[in-house]
Amino acid sequence: MNEDKHVLISAKSLDKTYGIGESAVHALSSVSLDIYEGELLVILGSSGSGKSTLLNMLGGVDTPDGGSIVTEKGDLCAMRDKELTAYRRNDVGFVFQSFNLIAELTVRENTAMTADVSKDPDAVEKALEIVGIQQKGDSYPTQLSGGEQQRVSIARALAKDPKLLLCDEPTGALDYETGKQILAELENLVREHGKTVIIVTHTKEVGKMADRVIRMRSGRIIEEWENEDPVTAEEIEW
Ligand code: ADP
Ligand code: MG
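Conventions used here
- Residues numbered from 1 in each chain as written.
- Chains lettered and ligands numbered in written order.
- Predicted model: local features only at pLDDT ≥ 70, side-chain atom pairs only at ≥ 80, totals over all residues.
- Heavy atoms only, no water.
- Pairing = 2+ DSSP bridges.
- Helix = DSSP H or I, 4+ residues; strand = E, 2+ residues; numbered from the N terminus.
- Axes fitted to C-alpha atoms, helices over the stretch in contact; angles between N-to-C directions.
- Contact = heavy atoms within 4.5 Å.
- Salt bridge = Lys/Arg side-chain N within 4 Å of Asp/Glu carboxyl O.
- Buried < 20%, exposed > 50% of the residue type's maximum accessible area, 1.4 Å probe, protein only.
- Parallel < 35°, antiparallel > 145°, perpendicular 65-115°, else oblique.
- Left-handed = near helix turned anticlockwise from the far one by under 90°.
- Near = heavy atom within 4 Å.
- Polar contact = N/O pair within 3.5 Å; in protein donor to acceptor, adjacent residues only side chain to side chain.
- Areas by Shrake-Rupley, 256 points an atom, 1.4 Å probe, with all protein chains shown as cover.

S.K.: I tried to follow the sheet that holds strand β7 (residues 164-168) on my own but got confused; where do I start?
M.R.: Sheets are built from strands paired through backbone hydrogen bonds, the pairs being either parallel or antiparallel. Pairing in this open sheet of 6 strands is mixed, and the strands run β6-β7-β8-β3-β9-β10 from one edge to the other. Since the sheet does not close on itself, it has two edges, and those belong to β6 (92-96) and β10 (220-226), each with one partner. Across this sheet, the average inter-strand angle for adjacent strands is 15°, counted without regard to direction. Bridge analysis of β6 against β7 gives 5 bridges, and the strand direction is parallel. Bridging from a neighbouring strand, Gly 93 pairs with Leu 165 of β7. Packed onto the sheet, helix α5 (residues 146-158) meets β6 and β7 and runs at close to 165° relative to β6.

S.K.: I would appreciate a short explanation of the pattern of salt bridges in the present structure.
M.R.: Oppositely charged side chains can pair when the atoms bearing their charge come close. Here the structure, examined in full by the defined rule, presents 17 salt bridges. The closest approach of N and O atoms between Arg 108 and Asp 138, which form a salt bridge, is 2.8 Å. Residue Arg 108 is located in helix α3 (residues 107-112), and its partner Asp 138 is located in the loop between α4 (123-130) and α5; the two are separated by 30 residues in the primary sequence. The class for Arg 108 is partly exposed, based on a relative accessible area of 27%. For Glu 205, the salt bridge identified is with Lys 208, shortest N-O distance 2.9 Å. Taking relative accessible area as the criterion, Lys 208 reaches 43% and is therefore assigned partly exposed. Shared partners join several salt bridges into a network, and the residues in it are Lys 16, Asp 62 and Asp 65.

S.K.: How do you make sense of the packing of α5 against helix α6 (residues 176-191) when you look at a structure like this?
M.R.: Their axes nearest at 10 Å, the elements α5 and α6 cross at an angle of 20°. With respect to their mutual orientation, α5 and α6 come out roughly parallel. In this structure, α5 crosses over α6, and the sense of that crossing is right-handed. When α5 is examined against α6, the residues Gly 147, Gln 150, Arg 151, Ile 154 and Leu 158 are found in contact with a partner set consisting of Thr 178, Gln 181, Ile 182, Glu 185, Leu 186 and Leu 189.

S.K.: Looking at this structure, how should I read the sheet that holds strand β4 (residues 66-71)?
M.R.: Spatial ordering of the open sheet is given by β2-β1-β4-β5, a layout of 4 strands whose pairing is antiparallel. The open sheet has two edge strands with one neighbour each: β2 (25-36) and β5 (74-75). Sheet analysis places strand β1 (residues 7-18) next to β4, joined by 4 bridges and oriented antiparallel. Paired with Ala 11 across the two strands is Ile 69, which belongs to β4. Set on the sheet, helix α1 (residues 51-58) makes contact with β1, β2 and β4; between it and β2 the angle comes to about 55°.

S.K.: Help me understand the site of ligand 1 in this model?
M.R.: Every residue lining ligand 1 is accounted for by Tyr 18, Val 25, Ala 27, Ser 46, Ser 47, Gly 48, Ser 49, Gly 50, Lys 51, Ser 52 and Thr 53. Within the contact set of ligand 1, an oxygen atom lies 2.7 Å away from a backbone nitrogen or oxygen of Gly 48. With respect to ligand 1, the backbone of Gly 50 contributes an N or O atom lying 3.1 Å from an oxygen atom. Expressed as a share of its isolated accessible area of 560 Å², the protein-covered part of ligand 1 is 58%. Elements that contribute at least two residues to the shell around ligand 1 include exactly β2 and α1. Take the shell around ligand 1: its biggest share by element is 3 residues, from α1.

S.K.: Looking at this structure, I do not really get unusual backbone geometry. What am I missing?
M.R.: Generally, phi is negative for residues other than glycine and the peptide bonds are trans, each holding for most cases. Despite not being glycine, Ser 13 has its phi angle at roughly 50°, a positive value. When its relative accessible area of 40% is taken as the criterion, Ser 13 is described as partly exposed. Non-glycine residue Asn 100 carries a positive phi angle of around 55°. One can find Asn 100 in the loop between β6 and α3.

S.K.: Got a minute to help me understand the environment of Val 206 in this structure?
M.R.: Checked against the element boundaries, Val 206 lands in the loop between β8 (196-201) and β9 (212-217). Each C-alpha atom of the pair Val 206 and Leu 33 lies 20 Å from the other, and the pair is 173 residues apart in sequence. Other than its neighbours up to four places away in sequence, Val 206 contacts Val 42, Leu 183, Thr 201 and Ile 236.

Right, here's the structure in full:
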């Protein structure tokens, strides 16, 4: 079904081992997957299954021991540090469970951290508007609710206008209703703004809103399926 789709990233035979000898942990073993442009991909798996490790590889934050990660900018595994830094900075947006906002900076300043205003002078305001937080531009993170802080971190990821957003347990620190609202924001980025979004979670129900789901266990992909008609974030319950 994906034959007419454009492959944004093709990862092949990724291996990653942390530590040596008896304490060695095989965080990833022979993981291969393609990421399609404009899809909402959910990566499921319990704690320690290798989800974050995989996401970090796709984002150029960590490098595998073996394998290849072919992107539009080339194979991440063959890049020099400088190229990899440029990829990480320009081509991917990251959203984390813990928001990672800088307390001393306003919402607007946090969002501007990674934006390329030479490419688009309105990048910051647009990003704040997409996630509906523009009226809080002069506030500081501590003055915001968790859900608002996560909106800011999504705006920060969006401001550099990357094709790909990597979201590691984006609702992990939020209450149920707020978590659903954040999932709806991420869904909106795919459906209305053409972004490619990967959401890592251990909540199986979240898979129902995805175009495609990958399930991991012990560093391997153990199951993969597509949803012909994904439900909306609004509709899922867990
Ligand atoms: P998940 O995100 O699914 O919870 P991770 O990718 O964080 O899983 O971790 C996969 C495995 O690799 C776990 O056993 C974890 O302890 C181990 N691991 C991850 N990062 C490191 C690291 N920097 N050093 C040592 N072990 C690590
Ligand atoms: Mg993790």
